[in-house]
Amino acid sequence: MSTLVIVESPTKARTIRNYLPKDYRVEASMGHVRDLPQSASEIPTTIKGEKWAQLGVNVDADFEPVYVVPKDKKKVVTQLKDALKEATELILATDEDREGESISWHLYQLLKPKVPTKRMVFHEITQEAIKKALKNCRTIDEQLVRAQETRRILDRLVGYTLSPLLWEKIAWGLSAGRVQSVAVRLLVKKERQRRAFREGTYWDLKAYLEQAKAPFTSQLVTLGGTKVASGSDFDPNTGQIAAGRNVVLLTEADAVALKERLTGKTWNVTEMEERPVTRKPSPPFTTSTLQQEANRKLRLSARDTMRIAQNLYEQGYITYMRTDSVHLSEQAIAAARDCVEKLYGKQYLSPQPRQYTTKSKGAQEAHEAIRPAGNTFRTPQETGLSGRELAVYDLIWKRTVACQMADSRQTQITVQLQVEDAGFRSSGKRIDFPGYLRAYVEGSDDPEAALEDQEIILPNLKVGDHPNCKEIEAIGHETQPPARYTEASLVKTLESEGIGRPSTYASIIGTIIDKGYAQLVNNALIPTFTAFAVTSLLEKHFPDIVDPSFTSKMEQTLDDIAEGEANWLPYLREFYLGDKGLETLVKEQKSQIDATKARTVELENLQAKVRIGKYGPYIEVENGDAVVTASIPKDLTPADLDPKQVEVLLKQKTTGPDELGRHPETGEPIYIKIGTYGPYVQLGDKTEENPKPKQASIPKNVPQENVTLEMAVGLLALPRTLGTHPATGGRIQASIGPYGPYVVHDQGKEGKDYRSLKAADNILTVSLERALEILSEPKKGRNSANSKSKAALKELGNHPEDDSPVNIYDGPYGPYIKHGKTNVSIPEGQSVEEMTLSQALELLASKASSGKKSTRKTSKTTSTRAKSTAKSSKTTAKKSEG
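A few points on the structure. On a predicted model such as this, the values are computed, not experimentally measured, just so you know.

The rules behind these values
- Residues numbered from 1 in each chain as written.
- Predicted model: local features only at pLDDT ≥ 70, side-chain atom pairs only at ≥ 80, totals over all residues.
- Heavy atoms only, no water.
- Helix = DSSP H or I, 4+ residues; strand = E, 2+ residues; numbered from the N terminus.
- Rg over C-alpha atoms; globule rule 2.2 N^0.38 Å.
- Buried < 20%, exposed > 50% of the residue type's maximum accessible area, 1.4 Å probe, protein only.
- Contact = heavy atoms within 4.5 Å.
- Pairing = 2+ DSSP bridges.
- Core = buried A, V, L, I, M, F, W, Y, C linked by side-chain atoms within 4.5 Å.
- Polar contact = N/O pair within 3.5 Å; in protein donor to acceptor, adjacent residues only side chain to side chain.
- Phe/Tyr/Trp six-rings, centres within 6.5 Å; stacked < 30°, edge-to-face > 60°.
- Lys NZ or Arg CZ within 6 Å of the ring centre and 35° of its normal.
- Axes fitted to C-alpha atoms, helices over the stretch in contact; angles between N-to-C directions.
- Parallel < 35°, antiparallel > 145°, perpendicular 65-115°, else oblique.
- Left-handed = near helix turned anticlockwise from the far one by under 90°.
- Nonpolar A, V, L, I, M, F, W, Y, C, P; charged D, E, K, R; others polar.

Secondary structure summary: the protein contains 24 helices and 31 strands in total. For 882 residues, the compact-globule estimate of 2.2 N^0.38 gives 29 Å, and the protein sits close to it at 31 Å. In terms of its C-alpha atoms, the protein occupies a principal-axis envelope of roughly 95 × 85 × 70 Å. Expressed as a percentage of the 882 residues in the protein, the buried residues total 50%. Partitioning the contacts of the protein with sequence separation of at least 6, the portion at a separation of at least 24 is 67%.

Here the bond from Leu718 into Pro719 is cis, since omega is 0°, no more than 30 degrees from zero. Phi at Met30 takes a positive value of approximately 60°, unusual for a residue other than glycine. Structurally, Met30 can be placed in the loop between strand 2 (24-28) and strand 3 (57-58). At Asn523, a position not held by glycine, the phi torsion is positive, near 70°.

Here the focus is the pairing of strand 15 (residues 524-527). Alternating positions in strand 15 separate into two faces, Ala524 and Ile526 on one and Leu525 and Pro527 on the other, with burial throughout. As defined by bridge partners, strand 14 (residues 518-521) adjoins strand 15 across four bridges and the pair is classed as antiparallel. Bridging from a neighbouring strand, Ala518 pairs with Pro527 of strand 15. The turn joining strand 14 and strand 15, which pair antiparallel and follow one another in sequence, is formed by two residues; a positive phi near 50° is taken by Asn522.

What follows concerns the nonpolar core. Grouped together as the largest cluster of nonpolar side chains are 171 residues, with contacts concentrated most on Leu162, Ile170, Ile318 and Leu641. The element that contributes the greatest number of residues to this core is helix 5 (residues 142-169), accounting for 12 residues.

In this section: the side chain of Ser301. Among the secondary structure elements, Ser301 is positioned in the loop between helix 8 (287-298) and helix 9 (302-314). One polar contact links the side chain of Ser301 to the main-chain amide nitrogen of Asp304, over a distance of 3.0 Å.

Here we take up the packing of aromatic side chains. The full count for this structure, using the stated rule, is 11 aromatic pairs. Ring geometry for Tyr313 and Tyr320: centres 5.1 Å apart, planes at 70°, overall edge-to-face. Tyr320 carries the same exposure label as Tyr313, and that label is buried. Ring geometry for Tyr317 against Tyr393: centres 6.3 Å apart, planes inclined by 70°, an arrangement best described as edge-to-face. Here Tyr317 is found in the loop between helix 9 and helix 10 (330-344), whereas its partner Tyr393 is found in helix 12 (residues 387-402), with 76 residues between them in sequence. Assessed through its relative accessible area of 1%, Tyr393 is described here as buried. Members of the aromatic cluster, connected to one another through ring pairs, are Tyr344, Tyr348 and Phe433. Here the guanidinium or amino end of Lys190 rests over the ring plane of Tyr485, the centre of that ring lying 4.9 Å away.

On to the packing of helix 6 (residues 180-196) against helix 13 (residues 487-496). Across the interface, helix 6 lies against helix 13 with an axial gap of 11 Å and an inter-helix angle of 120°. Between helix 6 and helix 13, the crossing angle belongs to the class labelled oblique. The hand of the helix 6/helix 13 crossing is right-handed. Each of Ala183, Leu186 and Leu187 in helix 6 lies in contact with helix 13, whose residues at this interface are Leu490, Thr493 and Leu494. Looking at the contact of helix 6 with helix 13 residue by residue, the classes come out as five nonpolar, one polar and no charged.

Sheet architecture is open: four strands sit in the order 16-17-18-19, paired in antiparallel fashion. Single-partner strands in this sheet number two, and they are strand 16 (600-601) and strand 19 (626-631). Where strand 17 (residues 609-613) meets strand 18 (residues 616-623), five bridges bridge the pair, whose relative direction is antiparallel. By the bridge assignment, Lys609 is partnered in strand 18 with Glu620.

Laid out in structure tokens, this is it:
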């Protein structure tokens with residue numbers, strides 16, 4: 001007798017195998033084994049002629065979905081069927097959430113087992129948890145499956161109905177999604193606020209005081225009994241003091257005059273207040289709070305955080321990472337309290353075990369918070385983990401332990417001082433007992449916010465004291481526009497509004513960036529002009545799709561379906577086929593949408609028109625009888641585009657580019673121009689004889705007006721050969737690329753080793769010695785919490801065709817296989833350890849063949865963009881959903 005157990009990934013299979021009897025065989029499904037068709041080639045021939053075929057959902061027959069086994073999963077399914085033939089029992093042990101329930105259901109439908117079948121669920125992979133789960137198997141939860149299927153169908157209907165409309169009206173390759181489009185609108189609304197923002201200026205005084213030789217500072221707060229204006233008193237839309245505010249607005253002259261008047265005068269302490277404050281620890285992590293904190297503290301994207309957490313869960317280090325719950329089991333509370341007592345002492349334990357309740361809208365999924373796995377918690381040092389896995393585990397461990405620690409007791413101290421008619425205030429903080437702050441301090445979205453564990457020391461002051469003023473400083477301030485969303489603050493907003501599910505936020509944010517709706521710059525999500533155009537179209541013609549409250553109600557309905565409190569079929573019919581259903585609206589609105597207007601981004605206080613073109617956004621203005629256009633550089637955001645910027649961009653088209661001078665050797669003119677990637681220099685004019693004149697980017701840290709003829713000549717001479725590497729004999733050069741100035745070491749067959757230059761290095765003068773020093777430093781990976789050299793995660797061997805290495809590397813979007821210049825991602829569910837050379841060769845070959853096909857189809861599609869949506873929708877381009 002043998003039992004076949006099916007889980008999602010090889011890593012999970014390997015871990016769980018350790019806790020099962022010897023006659024249990026564990027196999028991996030490699031994620032989903034069936035899904036709706038993703039491309040025209042996957043649509044079954046039996047339905048290709050149907051009008052709904054490209055949807056993959058028969059909207060005329062009770063929304064019956066068409067499921068297919070993707071090409072890359074057919075081998076997996078065959079292997080699972082073969083394994084089942086030898087089994088006398090089947091256990092489906094996929095994850096315990098809706099997605100996992102759906103995978104189990106699809107496996108059951110595909111494998112059609114003739115042997116007894118059970119559903120096993122657990123939220124951590126430990127020996128005790130697996131043994132307990134084996135004793136408490138159940139059947140597949142049909143309501144959960146139906147809720148997940150409804151969600152999948154809903155996402156498909158929205159994505160595949162609206163996306164072709166966006167292709168036709170705005171630009172090819174765009175996508176709409178049930179949650180994605182709401183998230184993009186949030187980014188756009190914030191950017192509109194930044195554009196409408198008007199800066200306000202105000203001044204105040206800062207005093208440097210001393211009491212019994214102990215220094216402290218104090219801030220001006222009142223003058224003549226009236227509050228002195230601060231940033232919160234300004235209207236962001238006018239830059240003026242908000243209506244109804246009774247405040248004194250100081251100019252620079254006022255502040256300087258007041259400073260002079262108060263200098264040398266007597267200071268008096270008029271009031272002292274000490275207020276005790278108790279701070280409680282945050283609850284243990286849920287999916288969204290882990291994503292937020294990892295973004296704040298480790299600068300990890302939501303996608304990276306989820307991938308790392310998935311690895312930790314599958315290796316048995318943490319509990320299941322997709323959860324809305326902050327609940328902890330009794331064993332988890334006991335384990336956390338044991339850690340506190342051993343590491344910090346009994347005085348740091350909370351008097352009673354803490355249990356938290358979930359407050360987020362529609363909370364569901366797994367029934368426990370994310371925490372270290374097991375009855376006892378391994379400290380981060382005991383895990384043997386390293387790099388980003390260690391950093392994320394450390395975060396989870398600290399947060400879980402801290403939630404069972406005593407409150408932090410602090411005293412807030414406020415001192416009011418008077419000098420003539422000016423009132424000053426000093427604020428201090430004394431930590432009387434650190435409590436949970438010994439273990440964990442929560443991060444903040446406000447970079448200027450003081451951390452909770454920082455004391456602000458004031459000297460011993462009492463009413464009637466006359467501290468000595470050492471200096472008074474007049475300080476000018478400008479009000480700041482609303483902060484852009486970071487991944488952390490966007491996730492927080494989506495969750496608070498009840499939009500989407502935390503388990504989907506990582507893929508949604510990834511899609512927004514991948515589709516060109518936002519750029520991630522210094523951890524801020526900046527919407528593009530394309531995002532503005534798409535949001536404006538959806539707001540005008542399909543307002544419900546981008547309405548947070550509508551989307552939140554939709555989520556609630558999906559939850560009700562999961563609970564059996566709502567019927568899925570009437571809901572889908574009303575949403576899609578009803579009088580105000582999506583299909584009806586698209587048919588009505590399509591003819592009313594003017595493509596030229598849809599591609600135009602309207603920005604207030606800007607006479608020039610911004611349009612979305614085939615190659616990106618551009619400016620268009622009328623110049624007499626002609627129309628002048630200019631590309632908008634990729635790093636120029638909608639909030640920053642003003643009339644002055646427009647003038648600079650159009651100048652080279654109307655009056656010609658600025659000429660710096662003539663090249664000392666060739667005599668050709670050297671121009672400064674602005675292109676899609678920013679300012680650059682160009683040697684000579686573009687002619688039939690010289691269709692591609694030499695160009696070179698200007699470094700981002702060099703203002704355009706500071707570029708000299710000598711500098712331009714040097715930039716045009718790039719790349720500079722600095723010499724040869726003493727160890728390899730390989731050539732070392734300096735040049736500028738899309739990511740800025742760099743040095744490169746040509747290692748022959750081993751490839752090229754690149755390093756970015758530091759801010760202080762000059763691309764035109766950097767020496768061979770300095771280049772060798774930079775090249776000797778470990779390479780820093782993008783989005784990495786821990787910088788490390790770009791070493792292969794695994795060396796698979798050499799490619800049989802050219803004998804060059806095939807290796808696995810860690811990239812910003814997960815591990816990938818690299819052969820020469822070809823990169824291919826490792827499929828979902830497949831681990832680095834399980835990957836073999838033969839499997840890698842198959843993936844590389846598949847990438848090569850699909851790349852050739854996509855090139856032909858892209859060119860064909862581009863030439864027929866103006867054709868009808870019906871024809872466009874038959875393309876194989878994959879649309880994003882959700």
